[in-house]
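# Understanding the architecture of this molecule
Letter by letter, the chains look like this.
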Amino acid sequence: MDISVVISIFNEKESLRELVGGIRENLNHTSLSYEIIMVSDGSTDGSWEEIQAIAKEHLESQAPGSPNGLVHGICFRRNYGKSAALYCGFEAAQGDVVITMDADLQDDPKELPELYRMVKEDGYDLVSGWKRKRYDNTFTKNIPSKIYNATARKVTGIKLHDMNCGLKAYKKDVVKNIEVYGEMHRYIPYLAKEAGFSNIGEKEVTHHKRKFGKSKFGMSRFVNGYLDLLTLWFLQKFGKKPMHLFGVWGTLMFLLGGIIALWIIIRKLVLQSMMSSQIAQQGFTDIKLRAVTDQPLFYLALLAIILGAMLFLTGFIAEMISRNSAQRNTYKIRDRF
């Protein structure tokens, strides 16, 4: 099988027949064998019944023994999210090149042959689409998307203009060696990079206006996106060595708090000694020193000591969990002989 087209679907019944027709139209004139994997992510609008009908019609229209254009369906009992849909689609994919696209007709099936060529002939591990000219609302999508992508480029080190574009092409090895979970579908290029697939390219693609229904993603996706980016960065950098983060900061805070507290106490003792000497020499009787416990800095020092100890213990416990994990020695092997 040359190409697997994986599509995540949530209440997109009106667009499915046109979408599949567009995919078949643009791939049938090539010599490539392909399959279409449609994952209904808990749709409630009859999308699953439409998928079944489309699959049956195209199976009946195929020549006997021809693998081209077969539609495979996966139906979730409830809505789990796009990452779950892609994970199951990747698991089922058999094509040498796996291409993902959205079901809302905003991605153009005409891009499929060129995306396949870039992976197969140019040798890219992953090719991400770039919707330079978008037809979304400027204030709710375009501007936040630019800010989000600029941050993602800075954190991940991957120079993509549109990290979250749904239209992407992958080598089969890529999708079989990464795990997409939660809402990490936004950062598949970063997951691929961390798995050792660093040859990541970009292709400018055509973007169409939404033809049916409305977008399933609101402004909350940008907030969630930033939180997921921080989570992913932390797990990739410190997931197997948490003590390197918590231990370092815990030790620094503990030492800083301890030094400040010790300095306050020593300063009080020195001043007390000096004052005692002056009282003995000059007969002063009304000189009083400020108590250590009356100084806010002393309590800040104690807080730093406590937080430092807690961070160190957090790192220690996380390290124990990591070392006892069943995945502590899971590594991506490219080849062996």
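For the structure itself, look to the data block above.
Notes on the structure follow. Please read all numbers here as calculations on a predicted model, not as lab measurements.

### What to know about the overall build of the protein chain
When its secondary structure is counted, the protein chain shows 10 helices and seven strands. Per-residue burial over the protein chain gives 42% buried out of 337 residues. Partitioning the intrachain contacts of the protein chain with sequence separation of at least 6 by distance along the chain shows that 81% fall at a separation of at least 24.

### Considering the nonpolar core
Counting 32 residues, the largest nonpolar core has Ile-7 and Ile-23 as the members making the most contacts within it. Secondary structure elements with two or more residues in this core: strand E1 (3-9), helix H1 (13-28), strand E2 (34-40), helix H2 (47-61), strand E4 (97-102) and helix H4 (112-120). Among all residues touching Ile-23, those that are not within four sequence positions of it are Val-5, Ile-7, Ile-36, Met-101, Pro-109 and Leu-112. In this structure, Leu-86, Ala-152, Leu-191 and Leu-229 belong to the second largest nonpolar core, which totals 31 residues.

### Some thoughts on unusual backbone geometry
Phi at Asn-11 is positive, roughly 55 degrees, even though this residue is not glycine. One non-glycine residue, Leu-105, adopts positive backbone phi at about 70 degrees. Within the element layout of this structure, Leu-105 appears in the loop between E4 and H4.

### Regarding a nonpolar patch on the surface
Judged by side-chain polarity, Trp-263, Leu-297, Leu-300, Leu-303, Ile-306, Leu-307 and Met-310 come together as a nonpolar surface patch covering roughly 700 Å² of accessible area. If one sorts the elements of the nonpolar patch by residue count, helix H10 (residues 296-323) sits on top with six residues. In this fold, Leu-307 is placed in helix H10. According to the relative accessible area criterion, Leu-307 is partly exposed, its value standing at 36%.

### Some details on the pattern of salt bridges
One pass over the full model with this rule turns up 11 salt bridges. Measuring nitrogen to oxygen at the nearest pair gives 3.3 Å for the salt bridge that ties Asp-107 to Lys-131. Separated by 24 residues along the polypeptide, Asp-107 in the loop between E4 and H4 and Lys-131 in the loop between strand E5 (126-130) and helix H5 (138-156) bring together distant segments of the chain. In terms of burial, Asp-107 and Lys-131 fall into one category: buried. With a closest N to O distance of 3.4 Å, Lys-171 and Asp-125 form a salt bridge. You can see Lys-171 sitting in strand E6 (residues 168-171) and its partner Asp-125 sitting in the loop between H4 and E5, a full 46 residues away along the chain. Judged by relative accessible area, Lys-171 falls into the partly exposed class, the value being 29%. For Asp-125, a relative accessible area of 11% gives the class buried. When salt bridges with common partners are traced through the structure, they connect Glu-114, Arg-117, Glu-121 and Asp-122 into a single cluster.

### Side note on the environment of Leu-229
With respect to the helices, strands and loops of the structure, Leu-229 is situated in helix H8 (residues 220-238). Leu-229 gets classed as buried once you look at its relative accessible area, which sits at 3%. For the pair Leu-229 and Tyr-148, spaced 81 residues apart in sequence, the C-alpha separation works out to 9.9 Å.

### Considerations on the sheet that holds strand E3 (residues 70-75)
Taking strand neighbours across the sheet as the criterion, the seven strands line up as E3-E2-E1-E4-E6-E5-E7 in an open arrangement whose pairing is mixed. If you trace the sheet from one side to the other, it starts and ends with E3 and strand E7 (200-204), each paired once. This sheet shows a mean twist of 20 degrees between the axes of neighbouring strands, independent of strand direction. Bridge count for E1 against E4 is six bridges, and the pairing is parallel. Residue pairing in the sheet places Val-6 in a bridge with Thr-100 of E4.

### Brief notes about H10
Its 28 residues give H10 an end-to-end C-alpha distance of 41 Å, which sits within 8% of 40 Å, the value for a rise of 1.5 Å per residue. Those residues of H10 that fall on the buried side of the exposure criterion are Phe-298, Ala-301, Ala-304, Ile-305, Gly-308, Gly-315, Glu-319 and Ser-322.

Conventions adopted
Residues numbered from 1 in each chain as written. Predicted model: local features only at pLDDT ≥ 70, side-chain atom pairs only at ≥ 80, totals over all residues. Heavy atoms only, no water. Helix = DSSP H or I, 4+ residues; strand = E, 2+ residues; numbered from the N terminus. Buried < 20%, exposed > 50% of the residue type's maximum accessible area, 1.4 Å probe, protein only. Contact = heavy atoms within 4.5 Å. Core = buried A, V, L, I, M, F, W, Y, C linked by side-chain atoms within 4.5 Å. Patch = residues over 30% accessible without salt bridge, like charges linked within 9 Å, V, L, I, M, F, W, Y side chains within 5 Å. Areas by Shrake-Rupley, 256 points an atom, 1.4 Å probe, with all protein chains shown as cover. Salt bridge = Lys/Arg side-chain N within 4 Å of Asp/Glu carboxyl O. Pairing = 2+ DSSP bridges. Axes fitted to C-alpha atoms, helices over the stretch in contact; angles between N-to-C directions. Expected span 1.5 Å × (residues − 1).

Shape is all these values report; function is a separate question.
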